[in-house]
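Tertiary structure, described
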Protein chains: 2
Amino acid sequence: MNLCNSRFSVTFVRQCSTILTSPSAGIIQNRGSLTTKVPHWISSSLSCAHHTFQRTMNLTGQRGSRDSTGATGGNAPAGSGAGAPPPFQHPHCDRAAMYAQPVRKMSTKGGSYDYDLIVIGGGSAGLACAKEAVLNGARVACLDFVKPTPTLGTKWGVGGTCVNVGCIPKKLMHQASLLGEAVHEAAAYGWNVDEKIKPDWHKLVQSVQNHIKSVNWVTRVDLRDKKVEYINGLGSFVDSHTLLAKLKSGERTITAQTFVIAVGGRPRYPDIPGAVEYGITSDDLFSLDREPGKTLVVGAGYIGLECAGFLKGLGYEPTVMVRSIVLRGFDQQMAELVAASMEERGIPFLRKTVPLSVEKQDDGKLLVKYKNVETGEEAEDVYDTVLWAIGRKGLVDDLNLPNAGVTVQKDKIPVDSQEATNVANIYAVGDIIYGKPELTPVAVLAGRLLARRLYGGSTQRMDYKDVATTVFTPLEYACVGLSEEDAVKQFGADEIEVFHGYYKPTEFFIPQKSVRYCYLKAVAERHGDQRVYGLHYIGPVAGEVIQGFAAALKSGLTINTLINTVGIHPTTAEEFTRLAITKRSGLDPTPASCCS
Amino acid sequence: MNLCNSRFSVTFVRQCSTILTSPSAGIIQNRGSLTTKVPHWISSSLSCAHHTFQRTMNLTGQRGSRDSTGATGGNAPAGSGAGAPPPFQHPHCDRAAMYAQPVRKMSTKGGSYDYDLIVIGGGSAGLACAKEAVLNGARVACLDFVKPTPTLGTKWGVGGTCVNVGCIPKKLMHQASLLGEAVHEAAAYGWNVDEKIKPDWHKLVQSVQNHIKSVNWVTRVDLRDKKVEYINGLGSFVDSHTLLAKLKSGERTITAQTFVIAVGGRPRYPDIPGAVEYGITSDDLFSLDREPGKTLVVGAGYIGLECAGFLKGLGYEPTVMVRSIVLRGFDQQMAELVAASMEERGIPFLRKTVPLSVEKQDDGKLLVKYKNVETGEEAEDVYDTVLWAIGRKGLVDDLNLPNAGVTVQKDKIPVDSQEATNVANIYAVGDIIYGKPELTPVAVLAGRLLARRLYGGSTQRMDYKDVATTVFTPLEYACVGLSEEDAVKQFGADEIEVFHGYYKPTEFFIPQKSVRYCYLKAVAERHGDQRVYGLHYIGPVAGEVIQGFAAALKSGLTINTLINTVGIHPTTAEEFTRLAITKRSGLDPTPASCCS
């Protein structure tokens, strides 16, 4: 939890701060003017962030003044002495604050190492861990390096997968495709829009990349302000306390008492002719300098389905090639409903099929040969783009882990419940660790909690259970907790009860959008308190719907509480409060009428 | 809870049913082929709903077959002998099932009254109560009548306020205005849309009214199938067991052992010259046969703000006239942020102002004179439309309640925790009862629970606490639990902690939508477990965001659980899991950068 306001400077308020009753929560509250003993790690973190920018906020939360630059950002004074101005004008950042902050000298905490902590990896986990460690008094360096993609040489700035080639660009392109749909819906609602519309791929890519660059820029300034030394270099272990950093300008050896490996992963390529030469991945797609056109998406995990979904929404022609099952690891009933909803939108799925080779034709198009793994039948087709989405590989190879003695399992690093590797002073967090959900909020929270345990006296560990997630397909799927099959595996079919139902979102009626796959279910204990084990929802704004229920699951949600929570009408989320039909009853889960 | 599948007919499955451990939950589950003692009220309800339409569903929830008419509805055979065909073709209803069901004779349960139960009012509460009572074996009649609006003579069908002149049309017009905004956003995301767009009010009204009529129609068929006798007449008590029903065709006296009053309310008119002749209300707006144009919305409750919001979004010019405060009964900090977000969109607010008179000019426009209640200053302006949104009046006047001995409090009926009035056999539920939230899901759940208590042996009462609600303004506001001021009043300022923050939705960046009023807060216990008392959120899809958190609040959500719930990224709902700054700390709740 960001102990200080990471706003670049704020007058240190006279009030003293006490921790919530649980020291680990790490949330600042001042106790009015009462003096109270501030736990050392709070006072040190407060003092480390002596901030000078005066931003007072009256207690009602209204801004000090209506025209304060808070949300809409103000214009930074040109050339205000804090390095070059940002690459472009962004309306949302508080430039004045960013430039007012002078670069501060690194002070060392003593000890024979260059740093208390070196974080290897400048993505979500690494940055969260590094910043939290600094807040807790550690001297921290963050090593970050991005190898260009093999096919197109795509590179990007600090911030890791999520910001540059993951959640953020994906969500923006998903939003762009939904907005294309919205234009057609607007016409049904009476707006005189011309429904023959086309996306401008280059303009979209430019807008997405502009936003990413602004995040990169702000992230660099934030790191600098928080006194995390950012080193743009590729790190490999010399021994368990020493790292060799390959920089643009040469090499540098740096030492630290503790290391956190947060290098994440990169998309895999199949081992077939032409795969690397001609196929791209999600690392390339969001900055592709040409329209994707007819695209073969190989892989039916969430990345493959999300990309195929927004490409179709943007008017291109994706086809999804599925080796075995869709959305491995997810509830398979829901996975098949998601696939069916995509097929209903005209996205073909090539099932039980694997690619054999990719060749570039004279006309520049790509000839893909492929085979049905069940029948052995071979076929081929021509595409403008081939997108590999067959999984992600942990970036262990460059780290020279054997030098540090760190063991690896299938290109991932196994860790214990404290994210410790087998080597005492070396930890790992984020997508690089073995067997944990590869999600940004997981990486961020785990990174922070690790830093608090290392430098803040906290004992709170990351809870990887009941992590909610969303697949941003055109009709989105979100879930939290156990799938139906995992619940059956864990408790036995006789001990679980599944409440389910199809529903019809009010907004879908006028544009007559398909409601065929709007479906949700609750997987629960069959007897006793009927604790809810898992919730699954296919429909609009799925992530927004499930997030609150994730907090409910963590609070011990039962079926009785769920169905006695008064709904908010008319929403789709209220359908969870109206669940009444069990699968076991065999009754039809379709709503009685189009509108009940 | 709808015990049977209200789908019109389903083969009675051989399996027997057991109730969840709590008999009140009223959810059917079959126990495979094991015979088990079925509580009388379940077996009776199952037997009452002997259904003949065969719809088997394999246990995975997939439809029996891909082309089943489930969601997308099939076409009903013309003239299939179940009364006139529906007013128009609607793609979503399963017409074949609706027509296949013959009208069945009413069988009486003995006793000296015409009915076990007469429900007065065919809105959300009344219908839910009537249908649940029938499912529990009662003989039920439902009396429903709509008096035309005084200004335009607007009338509507069965279903009450929500379906005809409330939630549903409001949400559809809100959606229409959001879609207008989406067209502009689509342009920013690269779609080649022409941004000079105009709504077709008549087409929108027609689409909305079409949808409403389909709901009316399906509701009538559902009532008939469930053997609830629907009487279109105005009811008034002769005595506590006798009702005089004024029908189109004359009068009819009907008796019942029990009455449930669910007549709801209608908009108030101010007592000023021209108010009734020239001003309209939300009862008229959704079927208005002309464009609203420049509109004065008098009243700043949620109905006034919602109407002003979508009118502005549709390109009209609303002004909101506020006598004292905005959104009375809501958290006032949030209420003012909502108002500020509307002013930012160009909707002027006339504060501390009351209307004095409305006159029609020769040009047909309306001259409104008004006065500032603080300065006494008077002014006037001309509008195309004047919309009264100054509150709703309970429809007690026509009921002749004194004849039954029922007491009234300020045009509402006081009830106890069992929704019983002061007269033993007369109950009241929904918007007509005194001092309870006037919301559809509240009315529906309360109506069902009342029916189960009356005829199902249940003891479960309606919990009116922690009811979540949403104000569908352009930037929506949703909340659950206590406002900050109510928490302070109840526990004292020193015993509550408010965690708050502004945030920036990812999708807002590219179209550079204002994030100035995207704000959320959690009001919690300051010490101990830090139970969450209330959650408040201003932002997109607010209702979808808060619904799950309402279930969490009911499950005992604490701050520690909230901030250790892993977020779903990128969503706006995840901002609740990132709350870290307290108001008491005085720290700036604005996110550190535009994108952190």
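Residues numbered from 1 in each chain as written. Chains lettered and ligands numbered in written order. Predicted model: local features only at pLDDT ≥ 70, side-chain atom pairs only at ≥ 80, totals over all residues. Heavy atoms only, no water.

What about the pattern of salt bridges?
All names here are of chain A. Tallied over the entire structure, the rule returns 69 salt bridges over all chains. Between K513 and E185 there is a salt bridge, with the nearest N and O atoms lying 2.9 Å from each other. Taken together, the residues span a long stretch of sequence, with K513 in the loop between β21 (496-502) and β22 (519-525) and E185 in helix α5 (residues 167-188) at a distance of 328 residues. Assessed through its relative accessible area of 18%, K513 is described here as buried. Classification of E185 by relative accessible area gives buried; the value is 9%. The shortest N-O distance in the salt bridge between K226 and D222 comes to 2.8 Å. Residue classification places K226 among the buried positions, given a relative accessible area of 8%. D222 sits in the buried class, given a relative accessible area of 5%. Ionic contacts of the salt-bridge type, sharing partners, join the residues E181, E185, R345 and K513 into one network. (Salt bridge = Lys/Arg side-chain N within 4 Å of Asp/Glu carboxyl O. Helix = DSSP H or I, 4+ residues; strand = E, 2+ residues; numbered from the N terminus. Buried < 20%, exposed > 50% of the residue type's maximum accessible area, 1.4 Å probe, protein only.)

Section: the nonpolar core
Soluble, globular proteins show a tendency: their nonpolar side chains are buried together. In this structure, L535 and F576 of chain A together with L535 and F576 of chain B are the most contacted members of the largest nonpolar core, which totals 181 residues. Here the element with the most residues in this core is α5 of chain A; it accounts for 11 residues. Among residues more than four places away in sequence, those in contact with F576 of chain A are L520, K521, L535, H536, Y537, V545, I546, F549 and L562 of chain A. (Core = buried A, V, L, I, M, F, W, Y, C linked by side-chain atoms within 4.5 Å. Contact = heavy atoms within 4.5 Å.)

Some thoughts on the sheet that holds strand β15 (residues 378-383) of chain B
Residues and elements named next belong to chain B. Across the sheet, three strands lie side by side as β13-β14-β15; this open sheet has antiparallel pairing. The sheet is open, and its two edges are formed by β13 (353-360) and β15, each paired on a single side. On average, adjacent strands in this sheet sit at an angle of 25° to one another, irrespective of strand direction. As judged from the six bridges shared by strand β14 (residues 366-372) and β15, these two strands associate in the antiparallel manner. Considered in β15, the bridge of K369 is made with E380. (Pairing = 2+ DSSP bridges. Axes fitted to C-alpha atoms, helices over the stretch in contact; angles between N-to-C directions.)

Observations concerning the domain arrangement of chain A
Residues and elements named next belong to chain A. Structurally, chain A comprises domain 1 (105-267 + 393-455), domain 2 (275-390) and domain 3 (475-582). Counting residues at the interface gives 25 residues for domain 1, matched by 25 residues for domain 2. Of the roughly 2100 Å² buried between domain 1 and domain 2, counting both surfaces, carbon and sulfur atoms make up 61%. For the domain 1 face of the interface with domain 2, the top three residues by lost area are T151, K170 and W201, together amounting to 29%. Along the contact surface separating domain 1 from domain 2 lie four salt bridges. Between K170 and E306 there is a salt bridge whose closest N-O contact spans 2.8 Å. Counting residues per element, the ones that place at least two in the side of domain 1 that touches domain 2 are α5, α6 (201-225) and β8 (265-267). Looking at the side of domain 1 that touches domain 2, the element that brings in the most residues is α5, giving seven residues. Each residue belonging to the side of domain 1 that touches domain 2 can be placed in one class, and the counts come to 12 nonpolar, eight polar and five charged. (Domains from an automatic or database assignment. Buried area = accessible area lost by both parts, 1.4 Å probe. Nonpolar A, V, L, I, M, F, W, Y, C, P; charged D, E, K, R; others polar.)

Here's the deal with the environment of I496 of chain B
Residues and elements named next belong to chain B. By the secondary structure assignment, I496 is in strand β21 (residues 496-502). Among the residues examined, I496 registers a relative accessible area of 5% and is labelled buried. Between the C-alpha atoms of I496 and D116, which are 380 residues apart in sequence, the distance is 49 Å. Once residues within four sequence positions are removed from consideration, I496 is found in contact with E484, A487, V488, F491, V523, A524, R526, Y533 and R584.

Quick notes on the environment of I433 of chain B
Residues and elements named next belong to chain B. Mapped onto the fold, I433 is located in the loop between β18 (426-428) and α12 (440-455). A C-alpha to C-alpha distance of 6.6 Å links I433 and V415, two positions 18 residues apart in sequence. The contacts of I433, once residues within four sequence positions are left out, are K412, I413, V415, A428 and Y464.

Things to note about the pairing of strand β23 (residues 532-539) of chain A
Residue and element names in this part refer to chain A. Of all eight residues making up β23, eight are buried, and the element is well covered by its neighbours. By the bridge criterion, six bridges tie β22 to β23 in an arrangement that is antiparallel. Bridge pairing links L520 to Y537 in β23. Between β22 and β23, which follow one another and run antiparallel, lie six residues, and G528 among them has a positive phi close to 60°.

A word on the environment of Y533 of chain A
Residues and elements named next belong to chain A. Structurally, Y533 can be placed in strand β23. By relative accessible area, Y533 is classed as buried at 14%. Between the C-alpha atom of Y533 and that of L356, which follows or precedes it by 177 residues, the distance is 41 Å. Residues within four places of Y533 in sequence aside, it is in contact with D466, V480, G481, L482, A487, F491, I496, V523, A524, E525 and L553.

A look at the packing of aromatic side chains
Residue and element names in this part refer to chain A. Within this structure, the stated rule accounts for 18 aromatic pairs over all chains. Judged by centre distance (5.1 Å) and plane angle (70°), the ring pair of F237 and F259 falls under edge-to-face. Of the two residues, F237 sits in strand β5 (residues 228-239) while F259 sits in strand β7 (residues 250-261), which places them 22 residues apart along the sequence. Note on accessibility: F237 and F259 belong to one class, buried. (Phe/Tyr/Trp six-rings, centres within 6.5 Å; stacked < 30°, edge-to-face > 60°.)

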